[in-house]
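Take a look at the letters that make up each chain.
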Amino acid sequence: QVQLVESGGGSSQAGGSLRLSCAASGRTFSDYAMGWFRQAPGKERELVATISRSGGSTYYADSVKGRFTISRDNAKSTVYLQMNSLKPEDTAVYYCAARYGIMVVFTKTYDFWGQGTQVTVSS
């Protein structure tokens, strides 16, 4: 089992920044590709960004490209999502997820999920 605990959510004005963290425990963190997803009310969960096991490869949804940055620190077993230039449409519950093995972009099939953290952006 891998336990994932997100933190750093909260409220921001449009144009502001927030940094999400996801601390992992239980298994070897560097064995897992990591992803950040979000789900807004009444909408499906969508992939925001994903990062490979080493951190050398990343992928971003078009809606956040150029504004969000995913990174990881394998020594700390933590993955981050730096969110800049926030927009009201970024309002959602954000989840981190772990997928054993290589990074796969077009999938929501992850092995472990965090409990989510709320991000609210006001105009």
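Further up the page is the structure itself.
Residues numbered from 1 in each chain as written. Predicted model: local features only at pLDDT ≥ 70, side-chain atom pairs only at ≥ 80, totals over all residues. Heavy atoms only, no water.

**With respect to the pattern of salt bridges**
And step 1. Within the structure shown, the criterion is met by five salt bridges.
And step 2. When the shortest N-O distance is used, the salt bridge between Asp90 and Arg38 registers 2.9 Å. Note that Asp90 is positioned in the loop between β8 (78-83) and β9 (92-100) and Arg38 in strand β4 (residues 32-39), a separation of 52 residues in sequence. Here the two residues Asp90 and Arg38 agree in accessibility, since each one is buried.
And step 3. Ionic pairing is found between Lys108 and Glu44, a salt bridge with its closest N-O pair at 3.7 Å. Here Lys108 is found in the loop between β9 and β10 (112-113), whereas its partner Glu44 is found in the loop between β4 and β5 (46-51), with 64 residues between them in sequence.
And step 4. Lys108 sits in the partly exposed class, given a relative accessible area of 45%.
And step 5. Several salt bridges converge on common partners, so that one network encompasses Arg38, Glu46, Arg67 and Asp90. (Salt bridge = Lys/Arg side-chain N within 4 Å of Asp/Glu carboxyl O. Helix = DSSP H or I, 4+ residues; strand = E, 2+ residues; numbered from the N terminus. Buried < 20%, exposed > 50% of the residue type's maximum accessible area, 1.4 Å probe, protein only.)

**Let's talk about the pairing of strand β11 (residues 117-122)**
And step 1. What you see with β11 is a clean split: Thr117, Val119 and Val121 sit on the buried side and Gln118, Thr120 and Ser122 on the side with no burial.
And step 2. Sheet analysis places strand β2 (residues 10-13) next to β11, joined by four bridges and oriented parallel. Bridge assignment links Gln13 to a residue of β11, and that residue is Ser122.
And step 3. In this sheet, β11 lies alongside β9 in antiparallel orientation, the contact comprising three bridges. Bridge pairing in β11 links Val93 to Gln118. (Pairing = 2+ DSSP bridges.)

**Quick word on the state of the cysteines**
What we call a disulfide is simply a covalent bond connecting the sulfur atoms of a pair of cysteines.
And step 1. For the structure on display, the rule yields one disulfide.
And step 2. Across a sulfur-sulfur distance of 1.9 Å, Cys22 and Cys96 are joined as a disulfide pair. Disulfide Cys22-Cys96: torsion about the S-S bond near 40 degrees, hence right-handed. Residue Cys22 is located in strand β3 (residues 18-25), and its partner Cys96 is located in strand β9; the two are separated by 74 residues in the primary sequence. (Disulfide = S-S within 2.5 Å.)

**Some words on the sheet that holds β3**
And step 1. Strand order in this open sheet of four strands is β1-β3-β8-β7, and the pairing throughout is antiparallel. Strand pairing shows two members of the sheet lacking a second neighbour, β1 (3-7) and β7 (68-73), which therefore form its edges. Adjacent strand axes in the sheet meet at a mean angle of 15 degrees, parallel and antiparallel pairs treated alike.
And step 2. As defined by bridge partners, β7 adjoins β8 across six bridges and the pair is classed as antiparallel. The residue of β8 that forms the bridge with Ser71 is Tyr80. (Axes fitted to C-alpha atoms, helices over the stretch in contact; angles between N-to-C directions.)

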